[in-house]
Amino acid sequence: MTTRRVAFLDLGEQHASLHDALGAAFERVMASHQFVLGKEVERLEAELAIYTELRQSRHAVGCGSGTDALMLALRAHDVAPGDEVLVPAFSFFATAGAPALLGARPIFADIDPATFHLDVEDAVKRAGGAKRLRAIIPVHLYGAPLAPAIAEQLAAACGVPILEDAAQALGARAASGHAVGGAGTSAAVTCFSFYPTKNLGAAGEAGLVTCHDDQLAERLRRLRNHGAERDGRHLEVGWNARLDALQAALLRVKLPYLERWNTARRENARDYSARLRAAGAMEAGLPPEAGSLPITLPAPDVAPAQGIAHQFVVRVPGTQRDPLRAHLAAHGVDTAVYYPLGLHLQPCFNDLGYRPGDLPETERATREVLSLPVHPSLEAADREHVVDCIVRFFGGRRS
Ligand SMILES: *Cc1c(COP(=O)(O)O)cnc(C)c1O
């Protein structure tokens, strides 16, 4: 069969189409001599507050990265050494790394196999066994919005603030209709990342925290700048979590296109699902049928919830996942595995005492997940090629 190069992420078209505007933003910041915080950052914060539908009583605070956003959120909730923070074991490392860096102990909970989101029942059970639980960090993984009931149930059952990790979900809408991180969120804060591979990517590092509370927002702003008050006094120790003006200016150029890019990703995801379903793939949460394509589709968004397809993730039986990846690579298709190891089994968390088998759904996911290219510049012929390769790998015929 023919080989067609399908990159996992292709920023070339995005950057070419915005070349002049990005250049102008760069020149503007260079001419301003203001490289850290300042007007560009304030304008980006205001534009993101509008984008996430924050009302006047809510705040958007730019910071150095998604990791900084999580650490600021934790510190602003007084998470200190010896405290405990509950996180899903299936996420990017920073979800657990941020509390650990502050000296807190991550408590790992398992995931719901259909959504890859925190399993509320398991989370509540493990939270019940904690002695110094201070916060819970659910993750809007792969750009799929968490059901609002998850945050509400967790908050009600555990009595600690919910700090959302929405690093992969800027622009997603929950079933309640509200934008993730916007008005109507029951979480205390929502953390975003503009790492270059996210749906809205900077040309370097950048992040954001949104929240309702005026005092909390002020504390976040202080903490990101070494804890400095306006008069130069430091009542607490913060660190340098400031956002660069250059990143803010470039993000401001890209922000107006984010809806378009998210829509293109969603269309790609829908098209993949339709093609794979036609070839016999299985729906999330249903038992496998004999004779069908041994691929499980991602759970569809529940109306009117809307994800942003940050990743398009299928499940492949564990023994076939890596051979399928190699087959796809041999035919020019780049794929990725997010994430290959449960956070509870990372060597740096050995001393927390988790063992293989402790979080079975997380561990099964690490063996089965495969991310297909879903970036906005993907063409129909790319998707067709990817699905063709998958069908042929399993010895089927295209329907
Ligand atoms: C990217 C990401 C982060 C960290 O963001 P950085 O900007 O890379 O520090 C945190 N959590 C999740 C789920 C992420 O995907």
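Residues numbered from 1 in each chain as written. Predicted model: local features only at pLDDT ≥ 70, side-chain atom pairs only at ≥ 80, totals over all residues. Heavy atoms only, no water.

Another point: the environment of Gln34. Tracing the chain through its elements places Gln34 in the loop between α2 (19-32) and α3 (39-51). In this structure, the C-alpha to C-alpha distance between Gln34 and Asn262, residues 228 residues apart in sequence, is 31 Å. Sequence-distant contacts of Gln34, that is, excluding residues within four places in its chain, are made with Val29, Lys39 and Ala245. (Helix = DSSP H or I, 4+ residues; strand = E, 2+ residues; numbered from the N terminus. Contact = heavy atoms within 4.5 Å.)

Two numbers describe how helix α4 (residues 66-76) lies on helix α8 (residues 214-223): the axes approach to 10 Å, and their chain directions differ by 125 degrees. Looking at the two axes, α4 sits oblique to α8. For the pair α4 and α8, the crossing hand works out as right-handed. When α4 is examined against α8, the residues Leu72, Ala73, Arg75 and Ala76 are found in contact with a partner set consisting of Leu216, Arg219, Leu220 and Leu223. (Axes fitted to C-alpha atoms, helices over the stretch in contact; angles between N-to-C directions. Parallel < 35°, antiparallel > 145°, perpendicular 65-115°, else oblique. Left-handed = near helix turned anticlockwise from the far one by under 90°.)

A sheet is described by the order of its strands in space; here three strands give the open sequence β3-β2-β4, paired in parallel fashion. Here the strands that pair on one side only, and so sit at the sheet edges, are β3 (105-109) and β4 (133-136). The mean inter-strand angle of the sheet, taken between neighbouring strand axes irrespective of direction, is 30 degrees. Relative to β4, strand β2 (residues 84-88) is paired through three bridges, and the arrangement is parallel. Considered in β4, the bridge of Val85 is made with Ala135. Together, β2, β3 and β4 form the strand contacts of helix α6 (residues 120-128), whose direction differs from that of β3 by roughly 145 degrees. (Pairing = 2+ DSSP bridges.)

With 55 residues, the main nonpolar core has Leu74, Leu86, Phe108 and Ile136 as its most contacted residues. Counting residues per element, this core draws most heavily on α4, at seven residues. Residues contacting Phe108, with those up to four places away along its chain left out, are Val87, Pro88, Ala89, Ala96, Arg126, Leu343, His344, Phe349, Leu352, Tyr354 and Leu359. Ala269, Val314, Val369 and Val386 belong to the second largest nonpolar core, which has 35 residues in total. (Core = buried A, V, L, I, M, F, W, Y, C linked by side-chain atoms within 4.5 Å. Buried < 20%, exposed > 50% of the residue type's maximum accessible area, 1.4 Å probe, protein only.)

In this description, a pair of aromatic rings is defined by centroid distance and the angle of the planes. By the definition in use, this model includes 13 aromatic pairs. With a centroid separation of 5.7 Å and 15 degrees between ring planes, the pair formed by Phe93 and Phe349 is classed as stacked. Note that Phe93 is positioned in the loop between β2 and α5 (94-101) and Phe349 in the loop between α11 (318-330) and α12 (360-368), a separation of 256 residues in sequence. The interplanar angle of 75 degrees and the centroid separation of 5.4 Å between the aromatic rings of Phe116 and Tyr142 together place this pair among those described as edge-to-face. Within this pair, whereas Phe116 is found in the loop between β3 and α6, its partner Tyr142 is found in the loop between β4 and α7 (148-158), the two being separated by 26 residues in sequence. An identical accessibility class is assigned to Phe116 and Tyr142; each is buried. Three or more aromatic residues joined by ring pairs make a cluster, and in this case those are Phe8, Phe90, Phe92, Phe116, Tyr142, Tyr338 and Tyr339. (Phe/Tyr/Trp six-rings, centres within 6.5 Å; stacked < 30°, edge-to-face > 60°.)

Lining the immediate environment of the ligand, one finds 14 residues, of which Gly66, Thr67, Asp165, Ser193 and Lys198 sit closest. Taking Gly66, its main chain carries an N or O atom lying 2.7 Å from an oxygen atom of the ligand. Ser193 places a side-chain nitrogen or oxygen 2.6 Å from an oxygen atom of the ligand. Taken by itself the ligand offers 380 Å² of open surface, and the protein chains cover 94% of this. Among the residues forming the shell around the ligand, the class breakdown is five nonpolar, seven polar and two charged. (Near = heavy atom within 4 Å. Polar contact = N/O pair within 3.5 Å; in protein donor to acceptor, adjacent residues only side chain to side chain. Areas by Shrake-Rupley, 256 points an atom, 1.4 Å probe, with all protein chains shown as cover. Nonpolar A, V, L, I, M, F, W, Y, C, P; charged D, E, K, R; others polar.)

The next point concerns the sheet that holds strand β5 (residues 163-165). Taken together, four strands build an open sheet; the order of strands is β1-β7-β6-β5 and the sheet is mixed. Of all strands in the sheet, those with a lone pairing partner are β1 (59-63) and β5, marking the two edges. Strand-to-strand twist in this sheet, taken as the mean axis angle between neighbours without regard to direction, amounts to 20 degrees. Sheet analysis places strand β6 (residues 189-193) next to strand β7 (residues 207-211), joined by five bridges and oriented antiparallel. Bridged to Thr190 within β7 is Thr210.

A few words on the layout of surface pockets. Here the largest pocket is characterised by a volume of approximately 800 Å³. Lining of the largest pocket is provided by 33 residues; of these, Ala144, Pro298, Ala299, Pro300 and Asp301 occupy positions nearest its centre. Elements represented by at least two residues in the lining of the largest pocket include exactly α7, α10 (258-278) and β8 (312-315). No other element matches α10, which puts five residues into the lining of the largest pocket. Taken together, the residues of the lining of the largest pocket sort by class into 21 nonpolar, seven polar and five charged. Here the second largest pocket defines a volume of roughly 390 Å³. Element by element, the count of residues in the lining of the second largest pocket is highest for α8, at five residues. For the lining of the second largest pocket, the class distribution of residues is four nonpolar, three polar and nine charged. (1 Å grid on protein atoms, 1.4 Å probe; cavity = no way out; pocket = protein on both sides within 12 Å on 5 of 7 lines; lining within 4 Å. Points joined across faces, edges and corners; volume = space filled by probe spheres on them.)

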